[in-house]
Amino acid sequence: MLWRRLRSQRAIGVNFDLQISRRGFLIAATGVASASLFNTRSLLASEVDERELRATHGRASLAGPEGPGTSIWGYDGTVPGPTLRLQQGRPARITVENGLGEDTTVHWHGIRLPNAMDGVPGLTQPPIKPGESFVYEFTPPDAGTFWYHPHADSLVQMGRGLAGALIVEETEPLAADRDVLWVLQDWRLSGDKQIAAGFGSAMDAAMSGRVGNLVTINGTVPADLGVRAGERLRLRLANASLARMMALRFEGHRPVVLAIDGQPCDPHEPDDGRLVLAPAMRIDIVLDMQGDPGSRHAVIDDFYDGLAYTLTNLAYDKALSLRSHPLDAPLALPRNPLPEPALANAVRQEVVLQGGMMGGGKLAGVGMMGMPGMSGGAAWAINGMSMTGDGHAGMAPQFTLERGATCHLTIRNETAWWHPMHVHGFSLSVLSRNGAPVPHRQWQDTVLLAPKDVIECAFVADNPGDWMLHCHVADHQMAGLMTVFRVT
Ligand code: C2O
Ligand code: CU
Ligand code: CU
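Residues numbered from 1 in each chain as written. Chains lettered and ligands numbered in written order. Predicted model: local features only at pLDDT ≥ 70, side-chain atom pairs only at ≥ 80, totals over all residues. Heavy atoms only, no water.

### Let's talk about the environment of Ala-176
Looking at the element boundaries, Ala-176 is found in the loop between strand S10 (164–169) and strand S11 (178–187). Taking the relative accessible area as the measure of exposure, Ala-176 reaches 28% and is therefore partly exposed. When the C-alpha atoms of Ala-176 and Glu-231 are compared, they prove to be 7.8 Å apart, with 55 residues separating the residues in sequence. Not counting chain neighbours up to four residues away, the residues in contact with Ala-176 comprise Arg-232, Leu-233 and Arg-234. (Helix = DSSP H or I, 4+ residues; strand = E, 2+ residues; numbered from the N terminus. Buried < 20%, exposed > 50% of the residue type's maximum accessible area, 1.4 Å probe, protein only. Contact = heavy atoms within 4.5 Å.)

Quick look at the structure:
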């Protein structure tokens, strides 16, 4: 009920801040005139959730326990990295040590945090040099499923395995028998089961990106998922792949979508029962185990025409059902404290995605930005401009918003390719797709555009700084599908 109190305070426009008492309860302190969700305040040590992560080399059994291990780069040497579970409204301090042989940073994907904690090298912080550390401090305002990954040499560092889940827990958890997380990663392995060389090839860059040949769940080729008839699973899906789009179907089951990109939506069954999960997207679902004891049901990814495969199977225990009727508990998650866009007074901006390979093997022109797909060159552009790489100092903002303004953003995909477009620092209320209203009150930080799609969305520019907006197919980002906007 504390959370409800907090929300109603927001509704009547009272400035508020979140803090944690020493006993660890969430309390709302009102009347702090200048406080906002994004200020880092000085806190008692006991109030802060202290964590450490080390980006380093390791080995993983991607293809299963037998066979040669694969050399990877991972947080704490594992793939995926440790799952960070933080509490909504409780300050966190995460010390990241760089045990790699090159610069890195960590980006807390989807978390609304102070710009200086966003992890973009050159733009929001100096890169972390080998052997050095950086302390990230933020208070997650939103509960949900998020993730973290490097924002330096992104294609190689993520492609070698650096990624982990970040779960911000609700104050009152959803009623479910189990909370299960699937971090999905796609790997391009060579014959000796090592990560294939050739990152950043011109073909990957100008086409669909580095799609691999092995998909793992939580770092290994999945065995069947053992389930019990009648149980209710909360399943958190996170696509941490470089480029692979996924569309998951749970045969014989009817998943209900609870949240997208960490943000609760109206619970709904997806169209055709298919969960479309582009790189960087997360979907939380509820899965009621309605199959018969002892039965087995495939989980199929059929995103790419003609390339469907069975990701894993739900394997029912022989025991009788846990309950005779599905659990009768509410599915809606409490909404996060997102500012509601004021569309009537919105500032309109448009972002046009251009470039890539067209029919007949020709590149669409992206202006005079160098040879397409060559290292450091551009194959893509946004509004005629190609920003390449991972982020760097001196990136001129594409547009500037005044703090507090509502931005009504149109994203227009003029290319022949799919692009999961990601915005740092904000969550977007998705209004329409190709002119049709988007139902279920969906907020996303990563919006997937099919070829020629036009998306309209809106957000309140309440968080000052220079923020990235880019395609999360890593090759596309590196090759020019990236821009920056400023909130003053
Ligand atoms: Cu998850 Cu700039 O990205
Ligand atoms: Cu991000
Ligand atoms: Cu793209």
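### Quick notes on the coordination of the copper ion (ligand 3)
For the copper ion (ligand 3), the full set of protein donor atoms is His-419 (ND1), Cys-471 (SG) and His-476 (ND1), at a range of 2.0 to 2.1 Å. Along the chain, the residues donating to the copper ion (ligand 3) are arranged with the sequence spacing H-x51-C-x4-H. You can see His-419 sitting in strand S28 (residues 419–423) and its partner Cys-471 sitting in strand S34 (residues 465–471), a full 52 residues away along the chain. (Donors = N, O, S within 2.8 Å, 3.2 Å for Na, K, Ca; no water.)

### A word on the coordination of the copper ion (ligand 2)
Protein ligation of the copper ion (ligand 2) involves His-107 (NE2) and His-422 (NE2), the donor distances falling in the range 1.8 Å. Of the two residues, His-107 is situated in strand S7 (residues 107–109) and His-422 in strand S28; the sequence distance between them amounts to 315 residues. Accessibility classification places His-107 together with His-422 in one group, the buried group.

### A closer look at the pattern of salt bridges
Across all of its chains, the model carries 29 salt bridges by this definition. Between Arg-234 and Asp-284 there is a salt bridge whose closest N-O contact spans 2.8 Å. Linking Arg-234 in strand S14 (residues 232–239) with Asp-284 in strand S19 (residues 282–288), this pair joins segments that are 50 residues apart in sequence. A single burial state applies to Arg-234 and to Asp-284, both of which are buried. (Salt bridge = Lys/Arg side-chain N within 4 Å of Asp/Glu carboxyl O.)

### Side note on the sheet that holds strand S5 (residues 84–87)
With respect to topology, four strands assemble into an open sheet ordered S5-S10-S9-S7, the strand pairing being mixed. Every other strand in the sheet has two partners, leaving S5 and S7 as the edge strands with one partner each. On average, each strand axis in the sheet is inclined to that of its neighbour by 30°, with strand direction left out of account. Pairing analysis gives four bridges linking S5 to S10, with the strands arranged parallel. Across the sheet, residue Leu-84 finds its bridge partner in S10, namely Leu-166. (Pairing = 2+ DSSP bridges. Axes fitted to C-alpha atoms, helices over the stretch in contact; angles between N-to-C directions.)

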